[in-house]
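Report on the structure
Chain residues, written in single-letter form:
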Amino acid sequence: MRRAGIAVCLAVLGFFVCLAAGHDISVAASLTGTVTASSGLNVREGAGTSYNVVSTIPYGTAVTITETKTVESQTWYKITCTADGATVTGYVSAAYIAQDAAATSQPPAATTQPPDSQPSVQPVTSYRYETTYGTILVPAKIQKATKVYKKAGGARKVLAKKKVTLPKKKQIKLLSEKTVKGKKWFKIRFKWKGKTRYGYVRNSYVKMTLAKPAAGTIMNVKSKAKVRTKKGSTSPYLKAGSSVVKIAKGASVSIIKDVVNGKTTRWYRLSFSYNGKTKKGYVNSKYVKLAKPATVKKIPVTTMSDAEFEKYMTQQGFPESYKPGLRALHQNYPYWQYQAYKTGLKWGDVIASESKTGINLISNSKAAAWKSTEPDAYDASTGKWKVFDGSTWVAASAEAIAYYMDPRNFLNDRSIFQFELLEYQSQYQTKAGVETILSNTPFAGQSFSYADLNSGAQKSISYADAFMEAAKYSGVSPYHLASRVRQEVVTSATTTSTAVTGTNDSYPGIFNFYNIGATSSSNPVLNGLKWASTGTTYLRPWKDRYRSILGGADYIGSKYIKVGQNTGYLQKFNVTAVSRYSHQYMTNVEAAYSEAIKTKKAYDEMLNKTPILFSIPVYEDMPEAACAVPQ
């Protein structure tokens, strides 16, 4: 039902928002969309922030839109969705929902517009791709009656005082898995006496009932898992030519069948990629772990008029002091998209936390105003600063930290790339762009030899192609990976640090392209090489360049991007809810800014037509004007 007023439908970031100035519109619709709020989206009892929050649904959740309302110029959707296995219904801000492509061909049909009223919608002419990771929810049944435990590992603490014993053929859902003392346990969800319950059971008592393949990852192997033609440890190995087919540790696979061999041993029939081809075969289940399913969505992007963009900035919650920079960017790059990352943190608290001595460093060659004069960072009697890393890195001043943390200082077409979302966007992140980043470095136009992860055969690949393969392997932007390597290990146009030469006396033949584990010390590179030489995760040990480039990319994706630190800024200044003010990739206070400049160069001639997505932090109680350069 439409009340008095003229509705105007605006295309905002590929979805439609119906507005009626000063009036409440209730619209029936049957549309679908996706949550775009990187930190999760609150679902409320009613349309407006005054209503109670009934649930918070994660980034990437698919929703069905059943109603649209505008309250005090803010648009709200009534939605239903499934989150963590439960149905959620309520109201969400429309600013954080992107409607699916099929829904954007026309606005919600709720009103009849006057004959002379035309929606101010620009044609969709570009797309962006977004990878989201869903929830593990694999159907299964109990194969042999079993007790349900509170924790993995078979502790005597069973579920409930009266032991819950699930009968054979009981239908359950697998939510995750954990290996304890070499034995695999599933976390399950099931119905018990009319209620939904959760607990753990051994995998040997469970059989997946797969209507469609489940996502998996190779695990618990030193480097590779051999594949057999049939279930059972005596079955012949699967071969490609004369070579046994092996799947590398960390590789993604699809589980298409769950079978038992003997009394308890489980085998999975897998589908996987091998030397560019799809293969199928059997692997013992102890070498395969359930993984979150990945979905790639093609999202249409529309341009906005100046008036639409003004309303959009307000909807996002950008303060007035952010808007001049964003307006200028919108004028020059109409396809670029900006979302406010609302930290909920007070600016003063953030700067105080990041100013603790040793967390943020800066070159000793900087002027005094850039360097901390706190007693534990500076010796006033000698006029010298304490070195925290290498031979030149000293503690940054609070003024320097405030300058580099204030997003308003970087809302220009060079340094804004520190706010770019770092998931791999295959339609506009290209090999040519990677080559641009690598220009004037020792990696430009160069190739290297490596052992194939599956066959072990010697191959050759260019550095640019290696970063593109790492992007596909990890889901991380190849521009970010190449920029990170340039930041971390390139020392001149012709030289690198020993992290990537393989010639270190203590760790010969070991490579660490991203300096992972290179913690601050007199020789951080040595710490990084030690980390790269030990362990079995992320394709370690990194005995060649290829394993380091791919495995390191997987580490960055798993440890940073997929846990919310999905911009260069958030990796440098962790203001997320997870490990806040720690788990920061770099100590160099200028690192996010420096990497942004390199990334911008990669886009070259594509800037005007590329739908790049930026997530820009917003703090509470910020100064009226941007923090100035230290003087």
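1. Observations regarding the pairing of strand E11 (residues 138-142)
- Side chains Val 138, Ala 140 and Ile 142 of E11 all project onto a buried face; the interleaved residues Pro 139 and Lys 141 project onto a face where none is buried.
- Sheet topology note: the E11/strand E14 (residues 171-180) ladder contains 4 bridges and is antiparallel. Counterpart to Ala 140 in the pairing with E14 is Ile 172.
- Two elements, E11 and strand E17 (residues 206-208), share 3 bridges in a ladder whose sense is antiparallel. By the bridge assignment, Ala 140 is partnered in E17 with Met 208.

2. Some thoughts on unusual backbone geometry
- Across the junction of Arg 540 and Pro 541, the peptide omega takes the value -5°, indicating a cis bond.
- Within the fold, Pro 541 resides in the loop between helix H8 (524-533) and helix H9 (545-559).
- The phi angle at Asn 220 is positive, at roughly 55°, despite the residue not being glycine.
- On the secondary structure map, Asn 220 appears in the loop between strand E18 (214-218) and strand E19 (224-226).
- Taking relative accessible area as the criterion, Asn 220 reaches 42% and is therefore assigned partly exposed.
- Positioned with a positive phi, His 583 is a non-glycine residue whose angle comes to about 50°.

3. A closer look at the packing of helix H1 (residues 306-316) against helix H2 (residues 323-332)
- Running from N to C, H1 and H2 cross one another at 140°; their axes reach a closest spacing of 11 Å. Here H1 is positioned oblique relative to H2, judged by the angle of their axes. Between H1 and H2 lies a crossing of right-handed hand. Along the contact surface, H1 presents Asp 306, Phe 309, Glu 310, Met 313 and Thr 314, while H2 presents Lys 323, Leu 326, Arg 327, His 330 and Gln 331.

4. Side note on H9
- Here H9 spans 21 Å end to end across 15 residues, near enough to the 21 Å set by a 1.5 Å rise per residue.
- The element H9 is extensively covered by neighbouring structure, given that 12 of its 15 residues are classed as buried.
- Of all the residues in H9, the buried ones are Tyr 546, Arg 547, Ser 548, Ile 549, Leu 550, Gly 551, Gly 552, Ala 553, Asp 554, Tyr 555, Ile 556 and Gly 557.
- Contacts made by the buried residues of H9 are with strand E34 (447-451), strand E35 (458-462), helix H6 (463-474), helix H7 (478-489), H8 and helix H10 (568-572).
- With a side-chain oxygen positioned 3.1 Å from the backbone nitrogen of Tyr 546, the residue opening H9 is Asp 544.

5. Observations regarding the environment of Glu 320
- In this structure, Glu 320 sits in the loop between H1 and H2.
- A C-alpha to C-alpha distance of 9.1 Å links Glu 320 and Glu 624, two positions 304 residues apart in sequence.
- Separated by 2.8 Å, the side chains of Glu 320 and Lys 323 make a polar contact.

6. Quick word on the pattern of salt bridges
- Taken as a whole and assessed by the stated rule, the structure comprises 10 salt bridges.
- With a closest N to O distance of 3.0 Å, Asp 452 and Lys 459 form a salt bridge.
- By relative accessible area, which is 8% here, Asp 452 ends up buried.

7. Comments concerning the packing of aromatic side chains
- Here the structure, examined in full by the defined rule, presents 29 aromatic pairs.
- Taking the centre distance of 4.6 Å and the plane angle of 45° together, the rings of Tyr 378 and Trp 385 count as tilted.
- According to the relative accessible area criterion, Tyr 378 is partly exposed, its value standing at 21%.
- By relative accessible area, Trp 385 is classed as buried at 18%.
- Each ring, one from Tyr 403 and one from Tyr 404, has its centre 5.1 Å from the other, and the planes form 80°; the classification is edge-to-face.
- Three or more aromatic residues link up through ring pairs in this structure, and these residues are Phe 309, Tyr 333, Trp 336, Tyr 338, Phe 417 and Phe 614.

Cut-offs applied
- Residues numbered from 1 in each chain as written.
- Predicted model: local features only at pLDDT ≥ 70, side-chain atom pairs only at ≥ 80, totals over all residues.
- Heavy atoms only, no water.
- Buried < 20%, exposed > 50% of the residue type's maximum accessible area, 1.4 Å probe, protein only.
- Helix = DSSP H or I, 4+ residues; strand = E, 2+ residues; numbered from the N terminus.
- Pairing = 2+ DSSP bridges.
- Axes fitted to C-alpha atoms, helices over the stretch in contact; angles between N-to-C directions.
- Parallel < 35°, antiparallel > 145°, perpendicular 65-115°, else oblique.
- Left-handed = near helix turned anticlockwise from the far one by under 90°.
- Contact = heavy atoms within 4.5 Å.
- Expected span 1.5 Å × (residues − 1).
- Polar contact = N/O pair within 3.5 Å; in protein donor to acceptor, adjacent residues only side chain to side chain.
- Salt bridge = Lys/Arg side-chain N within 4 Å of Asp/Glu carboxyl O.
- Phe/Tyr/Trp six-rings, centres within 6.5 Å; stacked < 30°, edge-to-face > 60°.

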